Amino acid sequence: TSTGPTVFPLMQCGSGTGDMVTLGCLATGFTPSSLTYAWSKNGAALTDSIQYPPVQKGNVYTGISQIRVRRQDWDARESFQCAVTHPAGNGKANFTKPKVICGLPTELKVLASSGEEQEASFSCFARDFSPKDYEIKWLKNEAEIPNKIYEIKMPLEERKDKNGTTLYSAASFLTVPASEWTLDTKFTCEFEGKCENGATFMNSSVTYKHTTPGNCDKEDVDIKITGPTLADMFLNRKGTIVCQVKVNQPYVGRILWEDEKGNEMAGASKTFNDKGTFSLPLEITYDEWSKGIKRYCVVEHENLIEPLKELYERSFEFLIETNNQWNSAMEAEEDNMGKTALTFILLFLITLLFTIGTTAFKV
């Protein structure tokens, strides 16, 4: 029984190099093996293609043909076609260079760390950009960095968004001698996206600022945490912790809550990128509160190498004081009840004596 082919286009992955681009035409599931290919560009025949002998698998055959076309024609999105002729039916595959969406990262973040006395480390994260061709360059005060200990680029990660567009994410890590990371020194991560219509650029920087516990906390950022009310905890069995952040200069990036192990809590963060007074609530259950569980309010600030953290912890002294107040109230209530009972007893005795005296007088 004769069976016609199913035809698939094959295109070169990535942009490639050189002046030529290779296209392939795959025909599968046909029998008998006799098959011919014909290539064309905008309807005009192309004759410099290669046709490979078909390969049999089971009762059907698979064949392939390829052709090399000029890159300038491919980049100009000229239309190519592979037509397949077979006794049991024909097929064709069309080729046009697909349009690639060009987009800068939705987020470009730079972090700095100087935990080692001899080294300073920087990391740059670029998230959700397209296409995959990119370059990350590190700059110090807008100039090249000659004195690097090492620089590492992590492999690309990719995902598809809801529209089916492939988005890429990448990271770069830089380590320099600690002597390079001095007051007011700025390190910049420069992202270059390579698109068909030219390069696109995006920068993110971090600047070394001298911070001390008594300086930045008071001058730039003030954090105040308000705990839940006793009424909420005892009546509703849950309450709300509120982290209130006052930012004087220049701006706060993000506020988030972490658990006692330092893990970011899901749904408990907000990005502001502004200065002013902001608050971020966090719900806490009675069980968590009664166990004295800890929570940290974390503030990422432009002038800080490391984020600020403020601890929330239930105050046992407060509970003891509250309990003492409760006991005092109970004692006062008991004292009032005792005085009231004594008054009733005295009134009863006076009434009794008056009655006895009146009876004796009549007799």
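Residues numbered from 1 in each chain as written. Predicted model: local features only at pLDDT ≥ 70, side-chain atom pairs only at ≥ 80, totals over all residues. Heavy atoms only, no water.

## Re the sheet that holds strand E4 (residues 44-46)
Basically, it comes down to this: Only when DSSP finds a minimum of two bridges between them are two strands counted as paired. Only DSSP runs of H or I reaching four residues or more are called helices, and only runs of E reaching two or more are called strands; each is numbered from the N terminus. Throughout, an axis means a line fitted to C-alpha atoms (over the contacting stretch in the case of helices), and angles, computed between N-to-C directions, take values from 0 to 180 degrees.
Across the sheet, which stays open at both edges, the four strands sit in the order E4-E3-E8-E9 with antiparallel pairing between neighbours. Here the strands that pair on one side only, and so sit at the sheet edges, are E4 and strand E9 (91-95). On average, adjacent strands in this sheet sit at an angle of 30° to one another, irrespective of strand direction. Pairing of strand E3 (residues 36-41) with strand E8 (residues 80-85), which is carried by six bridges, proceeds in the antiparallel orientation. Bridge pairing in E8 places Ala38 opposite Ala83.

## Some points on the pairing of strand E15 (residues 157-160)
Summarising the sheet, E15 and strand E16 (residues 166-177) pair through four bridges and their orientation is antiparallel. From the neighbouring strand, Glu157 faces E16, where its bridge partner is Ser169. Hairpin remark: E15 followed by E16, antiparallel, with five residues in the connecting loop; positive phi at Gly164, about 85°.

## Examining the state of the cysteines
In protein structure, a disulfide is the covalent linkage between the sulfur atoms of two cysteines. Cut-off, in case you're wondering: Any two cysteine sulfur atoms lying within 2.5 Å of each other are counted as a disulfide. The rule is simple: take the accessible area with a 1.4 Å probe, protein chains only, and divide by the maximum for that residue type; under 20% is buried, over 50% is exposed, in between is partly exposed.
With the rule as written, the count across this model stands at four disulfides. For Cys243, the disulfide goes to Cys297, at an S-S distance of 1.9 Å. Between Cys243 and Cys297, the S-S dihedral sits near -80°, and the bridge is therefore left-handed. Separated by 54 residues along the polypeptide, Cys243 in strand E20 (residues 238-258) and Cys297 in strand E22 (residues 295-301) bring together distant segments of the chain. With respect to burial, Cys243 and Cys297 carry one shared label: buried. Cysteine pairing in the protein follows 1-2, 3-6, 4-5, 7-8, where each cysteine in a disulfide is numbered by its order in the sequence.

## Details of the environment of Pro87
One can find Pro87 in the loop between E8 and E9. Among the residues examined, Pro87 registers a relative accessible area of 62% and is labelled exposed.

## Regarding the sheet that holds strand E17 (residues 186-195)
Taken in spatial order, the four strands line up as E13-E12-E17-E18 in an open sheet, and their pairing is antiparallel. Two strands close off the open sheet at either side, each with one partner strand: strand E13 (143-144) and strand E18 (198-207).

## Side note on the confidence of the model for the protein
Cut-off, in case you're wondering: For every residue, the predictor assigns a confidence score, pLDDT, that lies between 0 and 100. Between two residues, a contact is recorded if the distance between any of their heavy atoms is within 4.5 Å.
With 80% of its residues at a pLDDT of 70 or more, the protein has an overall mean of 82. Counted against residues more than four places away or in other chains, residues 212-218, with its pLDDT under 50, gives nine contacts. Segment residues 317-323 is flagged for pLDDT under 50; beyond a separation of four residues in sequence, or across chains, it makes five contacts in the model.

## A closer look at the nonpolar core
Test applied: Nonpolar cores were defined as sets of buried Ala, Val, Leu, Ile, Met, Phe, Trp, Tyr and Cys residues, with membership established by side-chain atoms within 4.5 Å.
Residues Ile223, Val245, Val252, Ile255, Trp257, Cys297 and Val299 are the most contacted members of the largest nonpolar core, which totals 23 residues. Contributions of two or more residues to this core are made by strand E19 (221-226), E20, strand E21 (264-285), helix H4 (286-290), E22 and strand E23 (308-312). The residues contacting Ile255, other than those within four sequence positions of it, are Val245, Ala268, Ser269, Lys270, Phe272, Phe278, Leu280, Cys297, Val298 and Val299. Grouped together as the second largest cluster of nonpolar side chains are 21 residues, Val110, Phe122, Cys189 and Val206 included.

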